[in-house]
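# Understanding the architecture of this molecule
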Amino acid sequence: MSVIVPAPLEDLRIEPAAEWFGRRLCALMRGVTEDVTQPIAWCLHQWMQGHTCLDLEGRVQAAPRDESLTERLEAEVPRSWIAALEGSAGIGRSEAGSLELASAPLVLEGRRLFLARCRSHEIAVARDLAARASAPATWCPDGALPAAAQAFLDQVAGSLHPAQLHAVRLACSRRLSVITGGPGTGKTTVAARVIEAVLRMA
């Protein structure tokens, strides 16, 4: 496991392509000033590291500029970047959690800076998941479970906590369900009972 060491942002080595991107975009975009070059560059750096956005109230990680060091460095995002982005006319704006698209290459959603394309992909996934979660499963279009599944749930009801039974029932009747909970709360048990119930309907 690599060691992560807290460090000043200037000690972190940003991806060269991201640094170039930040400078180039600031030169091309109207209503964008040089003080947002770094946030834009780090937004692309985050995408290159597998993140969908730059959390302006979070931290970033990168290799050290000093190539003789082997640790991975972590730095806080400067709070001054928020004001710089909010004062930049060329940056799109969106309320936190909004599913509305913005017509700008970069979008400030609450305290997160997105590349517009990444945000549009995330919105598309969110809309699709919401549609699936509200749609009934193909085997119970009227919301009622088939008799075989209901009989199985009646049979195992005594071995489940009421909340688990409710989760199984809900998961069996929807196209998409998410089962969450801490360690030992019965997620695996719920998933197993859902699979068993669905197999009874096959």
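Let me begin by describing the structure that accompanies this report. It should be emphasised that the depicted structure is a prediction, and the values quoted were computed from it without experimental measurement.

Conventions and cut-offs
- Residues numbered from 1 in each chain as written.
- Predicted model: local features only at pLDDT ≥ 70, side-chain atom pairs only at ≥ 80, totals over all residues.
- Heavy atoms only, no water.
- Pairing = 2+ DSSP bridges.
- Helix = DSSP H or I, 4+ residues; strand = E, 2+ residues; numbered from the N terminus.
- Contact = heavy atoms within 4.5 Å.
- Axes fitted to C-alpha atoms, helices over the stretch in contact; angles between N-to-C directions.
- Patch = residues over 30% accessible without salt bridge, like charges linked within 9 Å, V, L, I, M, F, W, Y side chains within 5 Å.
- Areas by Shrake-Rupley, 256 points an atom, 1.4 Å probe, with all protein chains shown as cover.
- Salt bridge = Lys/Arg side-chain N within 4 Å of Asp/Glu carboxyl O.
- Lys, Arg positive; Asp, Glu negative; His and termini not counted.
- Charge placed at Lys NZ, Arg CZ, Asp CG, Glu CD.
- Buried < 20%, exposed > 50% of the residue type's maximum accessible area, 1.4 Å probe, protein only.
- Polar contact = N/O pair within 3.5 Å; in protein donor to acceptor, adjacent residues only side chain to side chain.

## Considering the sheet that holds strand S6 (residues 92-94)
A sheet is described by the order of its strands in space; here four strands give the open sequence S3-S8-S7-S6, paired in mixed fashion. For this open sheet the edge positions go to strand S3 (54-55) and S6, each flanked by a neighbour on one side alone. For strand S7 (residues 106-109) and strand S8 (residues 112-115), the ladder comprises four bridges, and the chain directions are antiparallel. Note that in S8 the partner of Leu-106 across the bridge is Leu-115. Across the face of the sheet, helix H2 (residues 37-48) comes into contact with S3, S7 and S8 while running at roughly 70° to S8.

## Here we look at a negative patch on the surface
A cluster of acidic side chains, namely Glu-10, Asp-11, Asp-66 and Glu-67, defines a negative patch on the protein surface. Considering the arrangement of structural elements, one finds Glu-67 in the loop between strand S4 (59-64) and strand S5 (72-76). With relative accessibility at 65%, the residue Glu-67 sits in the exposed group.

## Comments concerning the sheet that holds S5
If you trace the four strands from one edge of the open sheet to the other, you get S1-S5-S4-S2, paired in mixed fashion. For this open sheet the edge positions go to strand S1 (4-6) and strand S2 (12-13), each flanked by a neighbour on one side alone. Two elements, S4 and S5, share four bridges in a ladder whose sense is antiparallel. If you follow Gln-61 over to S5, its bridge partner there is Glu-74.

## Quick look at the pairing of S7
Covered by surrounding structure in S7 are Leu-106 and Leu-108 together with Val-107 and Glu-109, the residues of both alternating faces. Of the pairings in the sheet, the one linking S6 to S7 comprises three bridges and is parallel in character. Within S7, the position partnered with Ser-94 by the bridge is Glu-109. What sits between the antiparallel neighbours S7 and S8 is a turn of two residues, in which Gly-110 has the positive phi angle 65°.

## What about the environment of Arg-174?
Position of Arg-174 among the secondary structure elements: in the loop between helix H6 (162-173) and helix H7 (187-201). The partly exposed category is assigned to Arg-174, whose relative accessible area is 30%. Of note is the side chain of Arg-174, whose polar atom sits 2.7 Å from the backbone oxygen of Ser-134.

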